[in-house]
Each structure stands twice: as C-alpha cells, then as structure tokens.
Amino acid sequence: MKKYLIALAAASGAGAALAQSSLTLFGVVDAAVTYTKGSGPGSAHKTQLSNSGNMFSRLGFRGTEDLGGGYSANFWLEMGLQNDSAQGFPSNTNNQASGNGPAGVLSFNRRSTVSLAGPFGEVRLGRDYVPAFWNTAIFDPFGTGSGIGANQIYFSGLGGLVAPTGTRASNSIGYLLPASLGGFYGQVMYAMGENDSNSVLPGTLVSNRHDGDHTGARFGYQGGGLNVALATGRTRYASGDLRVTNLGASYTFDASLMNLKLTSELYKESKGTTDAKGVLVGFQLPIGPGEIKASYARYRLEPAGALLKPTSSKLAIGYVHNLSKRTALYATIARISNSNGASQALSGAITAPNRASSGTEFGMRHMF
Amino acid sequence: MKKYLIALAAASGAGAALAQSSLTLFGVVDAAVTYTKGSGPGSAHKTQLSNSGNMFSRLGFRGTEDLGGGYSANFWLEMGLQNDSAQGFPSNTNNQASGNGPAGVLSFNRRSTVSLAGPFGEVRLGRDYVPAFWNTAIFDPFGTGSGIGANQIYFSGLGGLVAPTGTRASNSIGYLLPASLGGFYGQVMYAMGENDSNSVLPGTLVSNRHDGDHTGARFGYQGGGLNVALATGRTRYASGDLRVTNLGASYTFDASLMNLKLTSELYKESKGTTDAKGVLVGFQLPIGPGEIKASYARYRLEPAGALLKPTSSKLAIGYVHNLSKRTALYATIARISNSNGASQALSGAITAPNRASSGTEFGMRHMF
Amino acid sequence: MKKYLIALAAASGAGAALAQSSLTLFGVVDAAVTYTKGSGPGSAHKTQLSNSGNMFSRLGFRGTEDLGGGYSANFWLEMGLQNDSAQGFPSNTNNQASGNGPAGVLSFNRRSTVSLAGPFGEVRLGRDYVPAFWNTAIFDPFGTGSGIGANQIYFSGLGGLVAPTGTRASNSIGYLLPASLGGFYGQVMYAMGENDSNSVLPGTLVSNRHDGDHTGARFGYQGGGLNVALATGRTRYASGDLRVTNLGASYTFDASLMNLKLTSELYKESKGTTDAKGVLVGFQLPIGPGEIKASYARYRLEPAGALLKPTSSKLAIGYVHNLSKRTALYATIARISNSNGASQALSGAITAPNRASSGTEFGMRHMF
C-alpha cells in the first residue's frame, strides 16, 4: 500500500514558511496494565488494559491562519480516545445530563472551537475546557488522565469535575486575555444550556430554561518559578446550582534544588444544600531522563445537617521514564482511604465503606 | 508536544509535483451566536451558540490519483460537524427513516465516494448529494448551512429537502458529464434502498422492496454570467413516492453593475396526494472585502382537498465580511411569516400558527 | 476553498529524512454493485451497493518514532468504513456481546495500538487482530473484505471468526517475534474481558469473571515461495469457551509457472459441546496487469449427538484488473451450496435449507 507521509516541518525550510499559517495533526496514544483492588465485604479487584495513565489519549486537527497585524483565525478539533478498546467519548449537546451522547462514540469532545485572536486576546466559540477545570489539570502532578494517579475523578463527589460542565462546556463563548500582560493571565466563559424559553422541569411548572447555563472565570500569575491561579464556575440547574471554586499554586525551584516542583490546590464545590471540600499537595522531581512525582489529596462531602461527613484521601506515587520527548514508560501506585462512610475505590475496583482501595499501573505513552 | 505540520503544497515545488496525485485534508469550522423568537400563544425564544451559519462545518479527506490518459481515481470522505457541541451527524443506511443512525454521532454523512473519472465523465459510487439538491445549494444566496439565512429546512414541508434522500442518498451510483461540453453540465443518480426482495410494510402484505430507491437527474448550462439548471428526483415508498422538481437560475452582472448576482429557484415537491410549491429569489452584491446578500422565499403546502393551504414566507438579509479568503465574520437577520395555519419558526424558536418568527445571527467562519 | 496537500514524502529528500520517524495517513475506499440471490421457499434476492469487495475500506493514522539502538515507538489508529452508506463499525469494550457499540458508528475498530519495538520484537497494547485470524486473512485469496468472494463470514457458524474476539480483541497485550529469525515468525496475545472479580452470569451464582479473556498464538515460516503458519486461540465464556485452531499454507511458483500461488487453510472451531470444521483451497494467478483468483471452501457444523451435520460449500472466482498500484476494478462470482439442513446465503440474499445461493459483484478499489 503506497503511503503518504506528513512532512515534519519543524526541521525544514518549508516548516519555517508555515510558522504563521499551519495545519497540524496531533495526538496521544497511552495504554497501561492496571491492577486495582478494594477491601471489605463485597469488594472486587480487576486487572485491565486501561488508557491515558500518563496523558489523556487523543487525536486532533488544529490550524492557525495569520490574518496580519497580529491577528489570527484558529480552529481546534480534538477527540478523546479510549484506545484500549478503540472507542472515543461522546460529547454533550446542552450541558445537562439529558444531552450526553451514546457511550463510547467518537466526538471532538475534548475541544471543538473556532477563534479570533489578536492583540486584544482571543475570542473562542464552541466546546472548550471550563475555566475552573484548568487548576485541577495543571496543579495535579498526575494531570487529567484517567490513570490511578490522577485525582480528578476521586476529587468531586458532587460533580464539579465530572458533571456535564465539570471539565468542559458546549455552546460556549470564551474570552482569554492576551499573553503580553507581564505574567498575568486570565479567561472568562459563558456557555448556554439552550433550553427553550418556556421549558419546565418534567412534570412540574418549575422553569428550567436556564439549566445548563455556565459562567466561569480564572485569573492567575506566572513568573520566577511561581504559578498561582484562582478560578470559579457556576452551572445553573433548577434542581440546585453547581458551584466550583479552586485555588492552585506551584513553585519550581532552580537547579540548586534539583528543579523540584511543588504543587497544591484548594477545591470547594456545592450542589444545592450540599458542600464539599478538597485539598491536594504534590511534587514533581526530575531524575535523569525521568521524573518522580507524588500527590496527596483529601476530599470531604458535607451534606447539610448530616452527622457524618464522608471523607476520602488518596496517595499516589509515580515514576515516568522518558525514552524521548514524545515517548515514555511509567509506573504508578495509588491508595485511597475512606472514613465516615465513604467508599471510593480506584477505577475498576469496588471497596466497602470505610475501607481502602489500592492499585498499581504500568504503561506507555506516545505523543505525535 | 512535538507537532507535525502538514505541508502547504501550493507554494512549493513539491506541491507542483503533486498537482495530479494528491491527498487533501480540508474542512470548515463555523460558529455563531443566534437569537430567534416566535410570537403568539405558546411561542418561545432562544439564544444559542449555533454552527454553520455561513458554510456547513465539516472535516474531510479526499484524494485523486492520476491514472494517465486523462483518467483518474478519486475518493472523498467528508463528515459534517456540529462544532458548537463537538458532535457530528449520523448517516442513513437505506434511504429510509429506519436507517438513520444515532443522533449526533460522527459519520462521513456529507460525502463518501470512490470514483473513476476520465474523458467520458465520472462514475461515482457511495453516498453523495442527490442531483435535485444542487439547485437549492447553489441558487440560495445563503447556501445550505443551518444558519437562519439558509432556506433549505424551511422550504420543504413534505421532506423533499429533509427526508433521508432530501439532500443526499446512500448506496448510490452516479454519473456526471465531463466538463468539456461548452458550458453544458449534467448528472444522473440511482440509489438503492436495499430492502429484501420479499420485504413488506410491517403488519401488511404490501411490498416495500423498492422503498428508498432513488432516481434523480440534473442538467444545466453555465456561460456568460448565466447559470441555469433543471433537476428532478423520485424516491420510492410504498406509502407514497416523494418527488422533487426544481429549476434554478442565476445571472452575474459585470463590473459596470458592481458584479451583482441575481438568483432564483422554483421548487415543487409531492408526497402521496399532497403537493407543495416553493419559490426563491435573491441577490449577492460584493462590497469592498465583503458581500451583502438577501433572499425571499415562499413555500405553500397543498394537501389534496384541503380548504387551507398553509403558507410560509421568509426574508433574510446578511452581510459577510471577509478577513481573508478563508476566514469571515458575518451577520444575518431573518423573518418568517405564516398564513393559512402554517407555524414555521426559525431554528430554536417556536411560533403560533399564522404568526411570525424572527432572529439575528453573528458568527465566524474559518476554512482550512 | 484553499486546500492543504499532504506531501508525498517517498519521492522527496524530506521523505528520506523521515524514513525513521513518520506520521502516515492511509486508507482504502472500495465499493461494488452486488447482486445475490437464494432459492427455495422464502428465498430473497437483492441488488445493493456494497463495500470492501476487494479490500476492507478503512481510514487510518499511524506513526513510528525512531528511539535509537534499533528501538522504536509506534501507534496505529485504523477505522473500518462502510463507505456505501458513509458509516463505520463499532468496536467492542470487553470482548463479550454486551460490549458492542451502536451499529454503524465510527471507531478505530480495525486497530488501536501503541507499541514498543526493538531487537527483542514488539510489545503491543490495545485492540488488534487475534493471532488465529491472520491465517484466514492471509490464506484466503479473497482476503477479509466483506465481498461475496471472501470466505470469512461463511466459514464460521460458531463464531470463531465473527464473535467479539473472532477477528480482533480489545484490551490486549501482544508480543511479536522480531523479523530477523531466518523466516520464522510468531506472535502471542492475551486480551482481557475486564469483568469484576465477583461478576456472575445474570440470574445465577456462576462466576463469569473471566468471560471475554482471550489467549492466542501463531507461529509460521516463510521462505523460498513457501508460507505456512499454525494458529490457535481460546476465548473464555462461562457458557462455554470458544476455541479456534487453524493451519494455513501457500506456495508461490516462479515465473516458469506464471507465478501461480496456491493457498489452503484447515480450520477447526468449537463452542461448548459443538464442533465445526472448515477447509479452504485457492489460487491466485497474475495475468498481465491483473489477477485471476479462485477459492473453494467447505464448512461443517458438528453439534454433539446430532444426526445431521449442516454443511455449506462455497466456490468463488474473481478477476482483479489493476489500473495502478493503488486502484483496481474487479469482478467476482460466487455460489454457496447447502446440505444437511444448512441455509447459508451470500450477503444480502436469503436461501432455503439445502438450497443454493449465488451472486455477482463488480467494483472499484482505491488505496491511499
């Protein structure tokens, strides 16, 4: 079969000519063998081939067109991959549970935007990360993959990270500050649930016309090794708004301290009358061609008037061995402890209330 | 993440060498903020982020191989995008309602063909536009996007444009005349519903073995500013065939008349014992880097023996501001009026019978 | 619309530089007009536009990165296409019937792997062919397309070729021997069903925690015109394991015998207490720019204790006319005979027990 090779432009004169207008095909394929177990009555363990232990697997198409005068037009289409089983992820049409597509289908769920950028910043239209998700993505040493190290899915019982607008929002209008603000950065987003103006909750007269409307903002500063950002978001629901606020910070020491990077995040979410709080601390330490990283996260659910506040804490330690800039092997161990009735388990396992779940993961990540 | 850039061949010697055999990645991402409203009892309005207001959003792969002697082999795979929510469009397996895929999934619904072209013309196999749709696509100044300007979806109550074979047909064999006929052009298509030879309507003994079989043809002439084409199509259904016939024409004046382009279409469809008729007139006027365009369309349903013939008319005016050949900003206003019981509303709105619906749209379109 | 052309690197200096690290977009679009019929009471015939008569239609992205020292990192994402109707194929999440995705959706069902290769061989993670399928793919002159010539789908009543793990398995870990073993080759695979450790068959206490676990291996030798391979696979199910074993061989004569290639395969499968056996013989004969090929296959179901062993035999003859290395026209005729109660029919037709089904196919295949 005769094949076409897509030219690697970075090393060629043609590439230089394309620096300002370009079309890029990119992606990540990351797979791991994962073993997770629970403990106590009814607990279960599982060995599986999982995906995205180090970085989320994806396939994307993006491009930029130089319009002159510092302006550019841009598009970005990026689909998430469950490459262990050759599937993707559905998107969501209306930022509400009713808008989820069929499980496993391909979509450009990770990002689907067209934007105009210039000296004023950037205006983006489409589906994109909500501002408040960025802190969890950036200040967790294990990032946002679905591996056992990443804290995202264990870190949000109320859905601030896993609800339809927990990570991304469809039908959004975003504005991002320009990059030239001396280290300050920021963005705001408004996304629409697109319900009819006379829509009501099924079986009631309660208007839900604003269900799925999301408002979010994030502002931060990066400079001299420090990166700190405050973010917040609210998604309206007639059954109770979902609110998320978080503060993330990291500090990267210089070579005299082995370029150690410390990271932390404070996280708060509420849905209706229930609150929840989380905290995460971690570090990343370069070691030769690799990196050691660890995180400790704690999450507590605070139902209004409840005597017990279910609490889970999670410890994860990992090593990433870079075979090249694009390819790495990695190993992770993680453990979740539960108290006050909580029963969170690592993905694939089932654990009893107040019992622990632990797991190990060995994988390979390749970027292109 | 190290990225590969796909070389822009047009500007390079390599590109010239590829002029006859090529592989092309292409697409459109178009998003707009749209407000539409209805009037009268039960009416509803909506503000939404919509897609495809100026051109239909898409992602495609196509290629041509020079076989020598004027012959070429070609393929074309093109998926429609709902980029506001990162989804696509299902295709249809059998040109019947039963063959629609799950809502929102990605497919190469817009076109999926392999073809052999040569001095004799072109033979295409797969899923493609039906011939009769081309007139609506070409002679509507607002094209075939899903924006409030385009007339397609308001222009066909019987389904001649929105039925499974209204726009495209699967399982088709198409023949297109060669380009060398002094301005005359034409094409025919036969597409198969692929029912079993002993298939019957559920619960009956009535054969529906030919349901979904489509036959269509289009012939036209283009020259000296004039473009005119007649097209027709029939899709067989045991419950009543769907027939569409239309005549489109446009005339583009020269620079002394500012390159004004006038367009028009006459449209007729019937399903079983119900007829419907439509008419469209419009213009496109280049103004500096932009273009003003407008259309007026009228559609009347004529059920056999009915006293009232529900009638809708639609007026749309738009301005497209080109930032480059690939990128444009646009604004459109539109209004639908109803009489004789009709209640058509602009997409997203609900209007009462005999009442009007109006809307505005501001968007950005980027091609790659 | 301004288009980007993907550079054909094979002919350029840039391509040479990319020989070791590359990103490739590739595919096949193959469509045919197929007529098949059955005979006897209740039989049905059909004319359809089919896909993949010569090669399976597909769209893929794959790449390799040279890591030095003979090592490389690789990814491969390949989706199957039903290009007659612009759809794809779902994948399967757990190697069990419950894990099939919605019909017709796109997925990277054909292959979705990341791998590390080196002097030791290759370790692959993801969804890939099961080892035992390769013999059917390679030793059937009509390959694995869905055309009427290919024997795959008529060759396995118990599902050894059409069950969730008949062709490919998800969640797999594969190891392939290096290419430098003097003509010997081989691979092993372990794939996981990923059921919970305490999962039971619905409504029972019978554990099905291992349902969908697949183990397979294939070893062969190629040299001096000969290619021979033995393969086996087992998929565990609480309701009865599915076992497949086959032996394939081919011999290609030299120019003095017109480069005639003879092929054959012995095939055995069992599910629970039912056995089945198959045999295939065929040839491929180059004729000028084309090739004549034929196959005869016989398949017999042997239910435990049954008096009758339903048997089907199939004869297929085809001609492939190459217009170039990438593009071909082809024609195939095929006939299935049934006895002992069997009623297999060519795709699209229905035939009565012990009656024959026959068909013809004319198509075009284009690779890119």
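Residues numbered from 1 in each chain as written. Chains lettered and ligands numbered in written order. Predicted model: local features only at pLDDT ≥ 70, side-chain atom pairs only at ≥ 80, totals over all residues. Heavy atoms only, no water.

Enquirer: What is the right way to read the overall build of chain A from this model?
Expert: The helix and strand tally for chain A stands at 2 helices and 19 strands. What you see for chain A is a C-alpha radius of gyration of 21 Å, in line with the 21 Å of a compact globule of 368 residues. Taking the principal axes of the C-alpha coordinates as reference, chain A spans close to 65 × 55 × 50 Å. Put simply, chain A has 368 residues, and 57% of those count as buried. Taking contacts inside chain A between residues at least 6 apart in sequence as the whole, the part at least 24 apart equals 56%. Roughly 13,700 Å² of accessible area belongs to chain A as shown, and the carbon and sulfur atoms make up 61% of that amount. (Helix = DSSP H or I, 4+ residues; strand = E, 2+ residues; numbered from the N terminus. Rg over C-alpha atoms; globule rule 2.2 N^0.38 Å. Buried < 20%, exposed > 50% of the residue type's maximum accessible area, 1.4 Å probe, protein only. Contact = heavy atoms within 4.5 Å. Areas by Shrake-Rupley, 256 points an atom, 1.4 Å probe, with all protein chains shown as cover.)

Enquirer: What exactly am I supposed to notice about the relation of the copies chain A and chain C here?
Expert: Each of the two chain copies can be generated from the other by rotation about an axis followed by a shift along it. Rotating chain A by 120 degrees and moving it 0.0 Å along the rotation axis overlays it on chain C with an RMSD of 0.0 Å. What we have between these two chains is a three-fold relation. (Least-squares fit on C-alpha atoms with pLDDT ≥ 70 in both.)

Enquirer: Quick question: what am I supposed to make of the interface of chain A and chain B here?
Expert: A common way to express how large an interface is: the accessible area buried when the components associate. Each side of the interface is counted separately: chain A has 57 residues, and chain B has 43 residues. For the chain A and chain B pair, buried surface summed over both sides reaches about 4,400 Å², with 71% attributable to carbon and sulfur atoms. On the surface where chain A and chain B come into contact, there are 1 salt bridge. In this structure, A:Asp196 engages B:Lys46 in a salt bridge whose closest nitrogen and oxygen atoms are separated by 3.4 Å. Our enumeration of links across chain A and chain B arrives at 13 residue pairs in polar contact (both at pLDDT 80 or more). (Buried area = accessible area lost by both parts, 1.4 Å probe. Salt bridge = Lys/Arg side-chain N within 4 Å of Asp/Glu carboxyl O. Polar contact = N/O pair within 3.5 Å; in protein donor to acceptor, adjacent residues only side chain to side chain.)

Enquirer: Where do I start with the packing of aromatic side chains in this structure?
Expert: Any pair of aromatic rings gets described here by the distance separating the centres and the angle formed by the planes. Applying the stated rule across the entire model yields 33 aromatic pairs over all chains. Pairwise contacts between aromatic rings join A:Phe61, B:Phe61 and C:Phe61 into one cluster. Seen from the ring of A:Phe26, A:Arg62 lies directly overhead, with NZ or CZ sitting 5.0 Å from the centre. (Phe/Tyr/Trp six-rings, centres within 6.5 Å; stacked < 30°, edge-to-face > 60°. Lys NZ or Arg CZ within 6 Å of the ring centre and 35° of its normal.)

Enquirer: Looking at this structure, I do not really get the environment of C:Gly174. What am I missing?
Expert: Residues and elements named next belong to chain C. Counting through the fold element by element, Gly174 comes out in strand S9 (residues 168-176). With relative accessibility at 9%, the residue Gly174 sits in the buried group. Put simply, Gly174 and Pro141 are 33 residues apart on the chain and 26 Å apart in space, counted from C-alpha to C-alpha.

Enquirer: Looking at this structure, how should I read the interface of chain A and chain C?
Expert: Facing the 43 residues of chain A at the interface are 57 residues of chain C. For the pair chain A and chain C, the summed buried area comes to about 4,400 Å², and 70% of that belongs to carbon and sulfur atoms. Run the count over chain A and chain C and you get 1 salt bridge. Looking at the side of chain A that touches chain C, the elements with two or more residues in it are strand S1 (4-5), strand S2 (22-37), strand S3 (46-51), strand S4 (58-68), strand S5 (71-82) and strand S19 (357-367) of chain A. With 6 residues, the top contributor of residues to the side of chain A that touches chain C is S2(A). Looking at side-chain class alone, the side of chain A that touches chain C contains 25 nonpolar, 13 polar and 5 charged residues. (Nonpolar A, V, L, I, M, F, W, Y, C, P; charged D, E, K, R; others polar.)

Enquirer: Looking at this structure, how should I read the pattern of salt bridges?
Expert: Any two side chains of opposite charge can pair, so long as their charged atoms come close to each other. All names here are of chain C. Tallied over the entire structure, the rule returns 27 salt bridges over all chains. Residue Asp128 pairs with Arg111 through a salt bridge whose shortest N-O separation is 4.0 Å. In this pair, Asp128 is assigned in strand S8 (residues 121-129) and Arg111 in strand S7 (residues 111-118), connecting sequence segments 17 residues apart. The residues Asp128 and Arg111 share a single accessibility class, namely buried. One salt-bridge network, held together by shared partners, links Arg111, Glu122, Arg124 and Asp128.

Enquirer: What is the right way to look at the environment of B:Ser50 in this model?
Expert: All names here are of chain B. Looking at the secondary structure, you find Ser50 in strand S3 (residues 46-51). Classification of Ser50 as buried rests on a relative accessible area of 11%. For Ser50 and Thr113, which are 63 residues apart along the polypeptide, the C-alpha to C-alpha distance reads 28 Å. Discounting chain neighbours no more than four positions away, the residues touching Ser50 are Asp30, Ala31, Ala32, Thr34, Asp84 and Glu361. Looking at Ser50, its side chain comes within polar contact range of the side chain of Thr34, at 2.6 Å.

Enquirer: What exactly am I supposed to notice about the side chain of B:Asn109 here?
Expert: Secondary-structure assignment places B:Asn109 in the loop between strand S6 (87-88) and strand S7 (111-118). A distance of 2.8 Å separates a polar side-chain atom of B:Asn109 from the backbone nitrogen of B:Gly80. Setting aside chain neighbours within four positions, we find B:Asn109 in contact with B:Glu78, B:Met79, B:Gly80, B:Phe89, B:Pro90, B:Ser91, B:Arg127, B:Arg168 and C:Ala86.

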